[in-house]
Each structure stands twice: as C-alpha cells, then as structure tokens.
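Residues per chain, in single letters:
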Amino acid sequence: MNSLVRVSNLSFSYKGLEIFKDLNIDYSNESIVGLVGENGVGKSTLMKLLLGHLSPSKGSISFNNEIINPIKNKEYIFNIGALIEEPKFYKNMTGIDNLRYLSMLNKNMDFDWIKYLSEALHLELNKKIKNYSLGMKQKLGIILALSKHPKLVILDEPFNGLDWKSVARLKEIINETQINYGTAFIISSHLLEEINSLCNTVHLIKDKKVFHLEKKNFQNYYDICFRSLDDAHSFGKYILDNPNLHIKKTRNAKIFKLISVSEEKTNLGSLYGFFSNNSIYPEEIKKRSVTIKEIMGELDG
C-alpha cells in the first residue's frame, strides 16, 4: 500500500502542555482508519494537525511525499475534505445555495455527486439551514467533505445526530467512495462498534502516542450476572474446561458474581445447557460492546 500521508517524529504542545510526543504514522491510500480514545486525549487536535490548521512543535506531516504547507501546497488543500466539530453554514440560505456559494472557492465540487449523496442520505437541500436539525447539518457537512472527490477525508464524530438508518447508509457511502474513488478516510468516533465494523485499521490515542489496535480488541462480550457466589464459582470451573470462552477482566462492584465472556467464542446453546444441567439461573445475561477504558487496560497489561 502506498503512503498518502506520513507523520514523522511529530510532537505538539499547547500552552506548555505536551499533547503528542514523537508520533510516527502512515496513512495509505487504501485505508479507512478509525481514531479512538478518551475525551480530551487529542483526537480533534491530531485531525487539525493533519489538516494544517495547527503546526507541530517538532517533526513533519507529508502528503504524497511533500511536506504539508497549507499556504504553498495547493494540491493538498484541493485533495482533502473534512468535517471537524459542528459544521457551520449560512442560516438564511438553503443547503444547496450554501454549497453553490462554497463552490466559488473550490471549482472541483461535483454537483452530480452531491445530488447522489443528498438522495442517499435523504437530505432536503432546498430547505433553509435555520430549519435544519442537528442531523441534517451533519449530513450537509459530510456531503461538503466528499463533494470534490478528495484523496483524503477526515471526519470527526460523523455519526453524531444521525439515526441508525443514516449511520448504516453513511457507512455504505464511505465504503463505496473508498472502493470507487480510492479515497482514504480518517474517522473519529466514540461508537466503537461502528468503528470496528467500518474501518480496516484502528488507532488508539493514549499517553501522547498512537497505538495500532487489532480486531480482537473490539469483540463484544456477554456480561453474566449470577445470583450467588456458588453459581459464579461453578461457572468459573466450567470456564477452566473451556478456555476458548476468553474471560474478560472486570472491575465491576459485583466482581465475584459478574463474569464476562467473548461473544465470538461463546456458543449460547452450550452455555444455556450448562446452566440448565447444573440448576444455575443467572440473574442477567447482557450483550455489550467493549469500552475504551477496557481496551486501554489491556494495553497496560
């Protein structure tokens, strides 16, 4: 895979506080990269650095092997699309008029493509922005980011304000765009299940560094809460005979009565059979996604 964007020995500080230290990352032109981490860890900051909105304290960012300089490197500006934080538009203009106005600054916007995207996302472009909901503004911001067929699209929390149907359609559009146009994506989100299903690479920001995560880090779990310690101990013995269940560590207050097992490795039929044969009646079995804190705990060992 060819390197589209390369981050080399990058450090960044803000008001004396070091945010990143000696980052080295390659983003290929075939990537859909998920960017995750706890609030305030620097996801949006990294995106702004990639866009050239912020300058690194040390190191460099290159695009197609050229160091990024937003003032001089016009190719970079015209080959990147972005939605960072809440999109801003003129409230008394319609969605389509906002896009037409912005097209005067960027002649590369494809209005046939915009029409396709608006129909796919069920967005009414002839309505004024002041009558748009949060989700509609979000859709318009995404359409703007994709409108000129950029080589790289950076999306900060793109699923905010979208219903589940729109989330599913947006994921399809991202995949279609990557396959048909070779567009690379960097996407931040707190919705780990969506990131895991959409992205072929996932990066976690932690302790001023960026860590590459494997798919196994994102599997779902069943939380099984038992009525008694005896039932939990019996299930513990069953787990010892079935190591593939993959116990999940938990710091829950009911630690001795709550056991989490991997959804991928768990056969629910066998599990219910064990409970029935041993007269064990769990208080609750609940499926859930892994959390950022749990993934970070695994990295800490």
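Just so we're clear, the structure is a prediction, and the values are computed from it rather than from any experiment. Numbering of residues begins from 1 in every chain and follows the order in which that chain's sequence is written. Selection of residues for local features in this predicted model requires a pLDDT of at least 70, selection of side-chain atom pairs for listing and counting requires 80 or more, and totals for whole chains, interfaces and linings are taken over all residues. Hydrogens and water molecules were not included; the side-chain quantities draw on all heavy atoms of the structure.

Novice: I would appreciate a short explanation of the packing of helix α3 (residues 95-103) against helix α5 (residues 134-146) in the present structure.
Specialist: A pair of packed helices is captured by two measures, namely the crossing angle of their axes and the spacing between those axes. Axis angles are defined between N-to-C directions and span 0 to 180 degrees, where every axis is a line fitted to C-alpha atoms and, for a helix, only to the segment in contact. Helical segments are the DSSP runs of H or I of at least four residues, strand segments are the runs of E of at least two, and each set is numbered from the N terminus. At a closest axis distance of 11 Å, the pairing of α3 and α5 adopts a crossing angle of 30 degrees. Between α3 and α5, the angle is such that the two are roughly parallel. Judged by the sense of rotation from one axis to the other, the crossing of α3 with α5 is right-handed. Contacts between α3 and α5 pair Gly 95, Leu 99 and Leu 102 from the former with Leu 140, Ile 143 and Leu 144 from the latter. Angle categories are assigned with fixed cut-offs, so that under 35 degrees is roughly parallel, over 145 is roughly antiparallel, 65 to 115 is roughly perpendicular, and the rest are oblique. Rotating anticlockwise by less than a right angle from the far helix to the near helix defines a left-handed crossing, while the corresponding clockwise rotation defines a right-handed one. Contact between two residues is taken to exist if any of their heavy atoms lie within 4.5 Å; hydrogens are not considered.

Novice: Quick question: what am I supposed to make of the sheet that holds strand β2 (residues 17-28) here?
Specialist: Strand pairs in the sheet, formed through backbone hydrogen bonds, run parallel or antiparallel to each other. Note: two strands are recorded as paired if DSSP finds a minimum of 2 bridges between them. Sheet architecture is open: 4 strands sit in the order β2-β1-β4-β5, paired in antiparallel fashion. Each edge of the sheet is formed by a strand with only one pairing partner; in this case those strands are β2 and β5 (66-67). Here strand β1 (residues 3-14) pairs with β2 via 8 bridges, running antiparallel. If you follow Tyr 14 over to β2, its bridge partner there is Leu 17. Sitting on the sheet, helix α1 (residues 43-51) is in contact with β1, β2 and β4 (58-63), with an inclination near 60 degrees to β2.

Novice: What am I meant to see in the environment of Gly 141 here?
Specialist: The residue Gly 141 is located in helix α5 in this model. In this structure the C-alpha to C-alpha distance between Gly 141 and Ile 84, which are 57 residues apart in sequence, comes to 9.1 Å. Apart from residues lying up to four places away in sequence, Gly 141 is in contact with Leu 83, Pro 87 and Phe 89.

Novice: I would appreciate a short explanation of the pairing of strand β11 (residues 221-225) in the present structure.
Specialist: Side-chain direction in a regular strand flips from residue to residue, so the side chains alternate between the two faces of the sheet. Type-normalised accessible area, obtained with a 1.4 Å probe on protein chains alone, sets the label of each residue: buried when under 20%, exposed when over 50%, and partly exposed for intermediate values. Summarising burial for β11: 5 of the 5 residues are buried, a large majority. Taking every second residue as pointing to the same face, both faces of β11 are buried, with Tyr 221, Asp 223 and Cys 225 on one and Tyr 222 and Ile 224 on the other. Bridging between β11 and strand β13 (residues 258-262) involves 5 bridges; their strand directions are antiparallel. Bridged to Tyr 222 within β13 is Val 261. Note that β11 and strand β14 (residues 284-288) share 5 bridges and pair antiparallel. Counted as the bridge partner of Tyr 222 is Lys 287 from β14.

Novice: Looking at this model, I keep getting lost on α5. Mind explaining?
Specialist: Residues spaced three or four apart along an α-helix face the same direction, because each turn holds 3.6 residues. One fewer than the residue count of a helix, multiplied by 1.5 Å, yields its expected span. Between its terminal C-alpha atoms α5 stretches 19 Å, which fits the 18 Å expected from 13 residues at 1.5 Å a residue. Burial analysis of α5 places 10 of its 13 residues in the buried class, which makes it a mostly covered element. For α5, the set of buried residues is Gly 135, Met 136, Gln 138, Lys 139, Leu 140, Gly 141, Ile 142, Ile 143, Ala 145 and Leu 146. In the core, the buried residues of α5 are packed alongside β6 (80-83), α3, α4 (111-120), β7 (152-156), α6 (164-181) and β8 (184-188).

Novice: Is there a simple way to explain the environment of Phe 20 in this structure?
Specialist: With respect to the helices and strands, Phe 20 occurs in strand β2. Separated by 188 residues in sequence, Phe 20 and Lys 208 have C-alpha atoms that sit 4.2 Å apart. When residues no more than four places from it in sequence are discounted, the contact partners of Phe 20 are Leu 10, Ser 11, Phe 12, Val 41, Gly 42, Thr 45, Leu 46, Leu 49, Ile 205 and Lys 208.

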